Amino acid sequence: AFKLIEKSGNEVTQMLEFLYNQGFDFNAKKDDQSQSLLEGFILAMNKNYDAIEFLVNHGADVNAINSKNKKLTLIQYVKEKENPRLKKIFGLTKT
């Protein structure tokens, strides 16, 4: 999954769409310390907003517990960040 997160552009969304059509579980994790695919994209330095939006719109668990900070869900983490684009994807803005 890390290699997928490092990529940018439409190629990632196409790969995610392929995985989705094959029944891939976007919420699968190796263990409780591992990141979900959505969390990996959220925490990446160079955010692929199209990939994040795809995952959110295709069943990725926005209420999953953040693997780094066990007290916050991913949506709570996004809510605390100063990132309007992420907040919009997560439905946390009025526009």
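Our structure is the block above this text.
A brief look at the structure comes next.

Reading the values: the criteria
Residues numbered from 1 in each chain as written. Predicted model: local features only at pLDDT ≥ 70, side-chain atom pairs only at ≥ 80, totals over all residues. Heavy atoms only, no water. Core = buried A, V, L, I, M, F, W, Y, C linked by side-chain atoms within 4.5 Å. Buried < 20%, exposed > 50% of the residue type's maximum accessible area, 1.4 Å probe, protein only. Helix = DSSP H or I, 4+ residues; strand = E, 2+ residues; numbered from the N terminus. Contact = heavy atoms within 4.5 Å. Axes fitted to C-alpha atoms, helices over the stretch in contact; angles between N-to-C directions. Parallel < 35°, antiparallel > 145°, perpendicular 65-115°, else oblique. Left-handed = near helix turned anticlockwise from the far one by under 90°. Nonpolar A, V, L, I, M, F, W, Y, C, P; charged D, E, K, R; others polar. Phe/Tyr/Trp six-rings, centres within 6.5 Å; stacked < 30°, edge-to-face > 60°. Polar contact = N/O pair within 3.5 Å; in protein donor to acceptor, adjacent residues only side chain to side chain.

### Describing the nonpolar core
(1) Moving on: Counting residues in each nonpolar core, the largest one holds 23 residues, and the members touching the most others are L16, L38, I42, I52, L55 and F90.
(2) Moving on: If you list the elements that add at least two residues to this core, you get helix 2 (10-21), helix 3 (37-43), helix 4 (49-57), helix 5 (74-80) and helix 6 (84-89).
(3) Moving on: Per-element accounting of this core gives the leading share, six residues, to helix 4.
(4) Moving on: For L55, the residues in contact, after removing those within four places along its chain, are L16, F26, L37, L38, F41 and A60.

### Some thoughts on the packing of helix 2 against helix 4
(1) Moving on: Closest axis-to-axis distance for the helix 2/helix 4 pair is 9 Å, and the angle between their directions is 20 degrees. As judged from the angle between their axes, helix 2 and helix 4 are roughly parallel. As helix 2 packs across helix 4, the resulting crossing turns out to be right-handed. Contacts between helix 2 and helix 4 pair V12, T13, L16, E17 and Y20 from the former with D50, A51, F54 and L55 from the latter.
(2) Moving on: Tallied by class, residues from the contact of helix 2 with helix 4 come to six nonpolar, one polar and two charged.

### Some words on the packing of aromatic side chains
(1) Moving on: Counting across every chain of the model gives four aromatic pairs.
(2) Moving on: A centroid spacing of 6.3 Å and a plane angle of 10 degrees characterise the contact between Y20 and F26, whose relative ring orientation is stacked.
(3) Moving on: With relative accessibility at 40%, the residue Y20 sits in the partly exposed group.
(4) Moving on: The class for F26 is buried, based on a relative accessible area of 3%.

### Concerning helix 4
(1) Moving on: Where helix 4 is concerned, the buried positions are Y49, A51, I52, F54, L55 and V56.
(2) Moving on: Looking at the buried positions of helix 4, the neighbouring elements they touch are helix 2, helix 3 and helix 6.
(3) Moving on: Two to three positions downstream of the cap, the backbone nitrogen of D50 sits 3.3 Å from a side-chain oxygen, assigning the N-cap of helix 4 to N48.
(4) Moving on: A positive backbone phi angle near 95 degrees is found at G59, which sits one or two residues after helix 4.

These figures come from the coordinates and say nothing about function on their own.
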